[in-house]
Amino acid sequence: MNIGQAAAAAGVSQRMIRHYEAIGLIPKAARRDSGYRDYDTRDVHTLRFIARARDLGFPIEEIGSLLALWQDRSRASGEVKSLALQRVAELKRKERALREMRRTLEDLAHSCHGDARSDCPILAELAKS
């Protein structure tokens, strides 16, 4: 299948497929005599794996590690679990940071009169050094 078909089947953009090839996350696709990329069902399965890992918050570097572990049938599942738990810890940290940002913005918005006055505690907070 061509890149458009592979992208549609995997649920990723053609641009991302080219990017994954360029950075070496996936091997460069075979080329037809016409020069067009040619993908098979295994390539689509790999692209879906990458998309799912991205959806779960894994950065590209870790996705590369996960792909290597996925392809290594002799690997220990403990390595995979360790990566997953590290990602969970990072997501929890980000969740706490987002929650704090939301609270701060809510407090600032609450303290702003939101009328014709020029004084604005939101802008005052943003301007602090």
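Predicted model only: the values in this text are computed from it and were never measured.

Rules and cut-offs
Residues numbered from 1 in each chain as written. Predicted model: local features only at pLDDT ≥ 70, side-chain atom pairs only at ≥ 80, totals over all residues. Heavy atoms only, no water. Core = buried A, V, L, I, M, F, W, Y, C linked by side-chain atoms within 4.5 Å. Buried < 20%, exposed > 50% of the residue type's maximum accessible area, 1.4 Å probe, protein only. Helix = DSSP H or I, 4+ residues; strand = E, 2+ residues; numbered from the N terminus. Contact = heavy atoms within 4.5 Å. Axes fitted to C-alpha atoms, helices over the stretch in contact; angles between N-to-C directions. Parallel < 35°, antiparallel > 145°, perpendicular 65-115°, else oblique. Nonpolar A, V, L, I, M, F, W, Y, C, P; charged D, E, K, R; others polar. Expected span 1.5 Å × (residues − 1). Arc of directions from axis to C-beta. 1 Å grid on protein atoms, 1.4 Å probe; cavity = no way out; pocket = protein on both sides within 12 Å on 5 of 7 lines; lining within 4 Å. Points joined across faces, edges and corners; volume = space filled by probe spheres on them.

Peer 1: Please clarify how the nonpolar core should be interpreted in this entry.
Peer 2: Side chains that are nonpolar tend, in soluble globular proteins, to be buried together. Ile17, Tyr20, Ile50 and Ile63 are the most contacted members of the largest nonpolar core, which has 23 residues in total. Sorting the residues of this core by element identifies α1 (3–10), α2 (14–22), α3 (41–55) and α4 (60–71) as the ones contributing at least two each. With five residues, the top contributor of residues to this core is α3. Sequence-distant contacts of Ile63, that is, excluding residues within four places in its chain, are made with Leu25, Ile50, Ala53, Arg54 and Phe58.

Peer 1: Hey, could you run me through the packing of α2 against α3 in this one?
Peer 2: Any two packed helices are characterised by how steeply their axes cross, that is the angle between the axes, and by the distance between the axes. Where α2 contacts α3, the two axes come as close as 12 Å, and the packing angle between them is 95 degrees. By the angle class used here, α2 and α3 are roughly perpendicular. On α3, the residues that touch Met16, Ile17 and Tyr20 of α2 are Leu47, Ile50 and Arg54. Along the lines of polarity and charge, the residues of the contact of α2 with α3 split into five nonpolar, no polar and one charged.

Peer 1: Teacher, can you tell me more about α4 here?
Peer 2: At 3.6 residues per turn, the α-helix brings residues three or four places apart onto the same side. Here α4 spans 16 Å end to end across twelve residues, near enough to the 16 Å set by a 1.5 Å rise per residue. Glu62, Ile63, Leu66, Leu67 and Leu69 are the residues of α4 that are buried. Looking down the long axis of α4, one finds its buried residues gathered within 165 degrees of arc, a one-sided arrangement. Counted as exposed and oriented over 90 degrees from the buried face of α4: Glu61 and Gln71. Buried-residue contacts for α4 involve α3 and α5 (77–111).

Peer 1: Even after reading the chapter, I still don't get the layout of surface pockets, so can you show me in this structure?
Peer 2: One water molecule sets the probe size; rolling that probe over the atoms shows where empty space is left. A volume near 300 Å³ is recorded for the largest pocket. Lining the largest pocket are 18 residues, with Pro27, Arg42, Asp43, Thr46 and Gln71 sitting closest to its centre. Of all elements in the fold, only α3 and α4 reach the threshold of two or more residues within the lining of the largest pocket. The biggest single contributor to the lining of the largest pocket is α3, with five residues. Of the residues belonging to the lining of the largest pocket, the class tally is nine nonpolar, three polar and six charged.

Peer 1: Which parts of the structure should I look at to understand the packing of α1 against α2?
Peer 2: Where α1 meets α2, the closest approach of the two axes is 9 Å, and the angle between their N-to-C directions is 100 degrees. Taken together, the axis directions place α1 and α2 in an arrangement best described as roughly perpendicular. Every residue of α2 that contacts α1 at Ile3, Gly4, Ala6 and Ala7 is listed here: Gln14, Ile17 and Arg18.

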